[in-house]
Amino acid sequence: RPCVWEALGRMVRSSTKGAAKSDEEELRDPSDTNLYRIPFAEASPTDRRIRGTGLCIQGNHGSSTHKGTLAYAFDFRLPTGTPLVAARPGVVAATAGHFNEGGLEGKLRPRANFVAVQHSDGTYARYFHLRRQGVTVEAGDTVKAGQQVGLSGNTGFSSTPHLHFDVVDMLPEDTCVLKVVDPENVGTPILTLPAVIAAFSALFPRHAATVPAKLVRAEPADASADLTNIDKVRGNVVLIERGGCSFTTKARRAEEAGAASMIVVNNNKGPELFSMGGTEKPISIPAVLVASEAGDLLRDIVQEGSKLRLIIRYSDGFLRSRNWQKYAEDAEPGGEAKGLYFVANTQPIEFLDNGKTVVPSVGAIYPNHMPEG
């Protein structure tokens, strides 16, 4: 499955490159001033005036989709194929470039191509709705402000070609990794798989990063009823298939069976990753989602007699994130989160445009704040 592995490998920094550098070395850039440049190339005067290229079509607190956790996002009208550039220097944390469909169906929400770049202060810039194969960087790459990172498009939950740009305090796609290991050689993982921590997940126990855990498949496989193999599940990581019931119901049944943590396997091919939600109250065990393609591999290691084990740990990027900085001091070893700490919240930002700091407003064309018409 070379195409699947290529897509999985490109999705997150933790499974590709960049691990050899220290945290400070990887993110340090003396040109990083916390100001953002307009994240796309300037169009010709004709395209700006006639096609509205660069028009801000939704700003902060927009009435369409920029509410709640997305309150401080921006949408810019861009024809498909417009070069996108890094708004601020940083390290590419995650990408997806294999999706090819756009529209307003709910199933398309997690299927937007994107690039995410982590900055020196732990925040992430996200560039969404890129065209298929429109990602021009790889996870782990260091980028400078103004360097091209992709090509705009209309993938995912989108009604028209545009760029959705925002800055968040954490990135769901850069929260954790799964390592498949031989207990006798833990230091050399056999596989490293991307995963996303659920919004309602408990904090990881401190020992989870170093102690291999046994993986057990739930019975029934989708946890659509109370688990019948409690003796096998208790104290181990339980593998549950998506479908049959809600994510929170699966979590409750895993908790009741005494699972140490829960892995849900997506049932949509992609690879497709997203943060599981459904409750405002955190559960008592860690919970993560893996892509369907990763699930095919994990099912192989739950076969009777397999000696392979899992290590589930926070990604290096998450431990640098603004979100972790906010609550690391009161995180108790193995304790529950005191809130939904695994939720990405957009941050208010300003752009440096034509020598002035601006917050893009609906109806104006950027760069240079050129009024429409």
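Residues numbered from 1 in each chain as written. Predicted model: local features only at pLDDT ≥ 70, side-chain atom pairs only at ≥ 80, totals over all residues. Heavy atoms only, no water.

1. Here's the deal with helix α5 (residues 247-256)
In an α-helix there are 3.6 residues to a turn, and that puts residues three or four apart on one side. Using the following cut-off: The classification of residues rests on relative accessible area computed with a 1.4 Å probe and restricted to protein chains. Under 20% of the type maximum is buried, over 50% is exposed, and intermediate values are partly exposed. Runs of H or I in DSSP of at least four residues are treated as helices and runs of E of at least two as strands, each being numbered from the N terminus. By definition in these notes, contact holds between two residues if any of their heavy atoms fall within 4.5 Å.
Turning to α5, its buried residues are F247, T249, K250, A251, R253 and A254. Taken together, the buried residues of α5 touch β15 (237-241) and β16 (261-265). Within two residues after α5, G258 carries a phi angle of roughly 85°, on the positive side.

2. Section: the layout of surface pockets
In plain terms, the rule: Cavities and pockets are defined on a 1 Å grid built over the protein atoms alone: a cavity is a set of grid points where a 1.4 Å probe fits but cannot escape, while a pocket is an open set with protein on both sides within 12 Å along at least five of seven lines, and lining residues are those with an atom within 4 Å of any such point. Grid points are joined across faces, edges and corners, and a volume is the space filled by probe spheres set on the points. Each residue is assigned to one of three groups, with Ala, Val, Leu, Ile, Met, Phe, Trp, Tyr, Cys and Pro labelled nonpolar, Asp, Glu, Lys and Arg labelled charged, and all others, Gly among them, labelled polar.
Space inside the largest pocket adds up to approximately 1,000 Å³. Elements with a minimum of two residues in the lining of the largest pocket: β1 (56-58), β7 (124-135) and β11 (162-168). Counting residues per element, the lining of the largest pocket draws most heavily on β7, at three residues. Residues of the lining of the largest pocket, tallied by class, amount to 18 nonpolar, 11 polar and five charged.

3. Description of the packing of aromatic side chains
Here is the rule we go by: Working definition: a ring pair exists when centres of Phe, Tyr or Trp rings (six-membered ring for Trp) sit within 6.5 Å. Plane angles under 30 degrees give stacked, over 60 give edge-to-face, the rest tilted. Here, a charge over a ring is recorded when the distance from Lys NZ or Arg CZ to the ring centre is within 6 Å and its angle to the ring normal is within 35 degrees.
Scanning the entire structure with this criterion turns up 16 aromatic pairs. Taken together, Y36, F40, F74, F76, Y127, F165, F351 and Y366 form an aromatic cluster joined through their ring pairs. The ring of F157 has R109 sitting right over it, with the charged end atom 3.7 Å from the ring centre.

4. Describing the nonpolar core
Convention followed: For our purposes a nonpolar core is just a set of buried Ala, Val, Leu, Ile, Met, Phe, Trp, Tyr and Cys residues, chained together by side-chain atoms within 4.5 Å.
In terms of nonpolar packing, the biggest core is built from 41 residues, with L178, L215, I263 and L298 touching the most fellow members. With residues up to four places along the chain from it excluded, the contact list for L298 reads L178, V180, L193, L215, L239, I263, V290 and L310. One finds V92, V117, A125 and Y366 within the second-largest nonpolar core, a separate group that totals 27 residues.

5. Things to note about the environment of S152
With respect to the helices and strands, the residue S152 is situated in strand β9 (residues 148-152). According to the relative accessible area criterion, S152 is buried, its value standing at 1%. In this structure, the C-alpha to C-alpha distance between S152 and R132, residues 20 residues apart in sequence, is 9.2 Å. Once residues within four sequence positions are removed from consideration, S152 is found in contact with L78, P79, T80, G81, T82, L84, H129, L130 and R131.

6. Re the sheet that holds β15
Note the cut-off: If DSSP finds at least two bridges between two strands, the strands pair. To obtain an axis, a line is fitted to C-alpha atoms, over the contacting stretch when the element is a helix, and the angle between two such axes runs from 0 to 180 degrees between their N-to-C directions.
Read from one edge of the open sheet, seven strands run β14-β15-β16-β17-β13-β12-β18, paired in mixed fashion. Strands with a single pairing partner mark the edges of an open sheet, and in this sheet they are β14 (215-217) and β18 (309-314). Taken over all neighbouring pairs, the strand axes of this sheet differ in orientation by 35° on average, direction set aside. In the sheet, β14 pairs with β15 via three bridges, with the strands oriented parallel.

7. Comments concerning unusual backbone geometry
Look at the link from E219 to P220: it is a cis peptide, with omega at 0°. The topology assignment puts P220 in the loop between β14 and α4 (230-233). The omega angle of the peptide bond from Y366 to P367 is 0°, so this bond is cis rather than trans. On the secondary structure map, P367 appears in the loop between β21 (364-365) and β22 (370-371). For Q133, which is not glycine, the phi dihedral falls at a positive 55°. Locating Q133 in the fold gives a position in strand β7. A positive phi angle, close to 55°, is found at A223, a residue other than glycine. Look at A223 and you get buried, because its relative accessible area is 0%.

Note that every value here comes from positions in space, so none of it alone points to a role or purpose.
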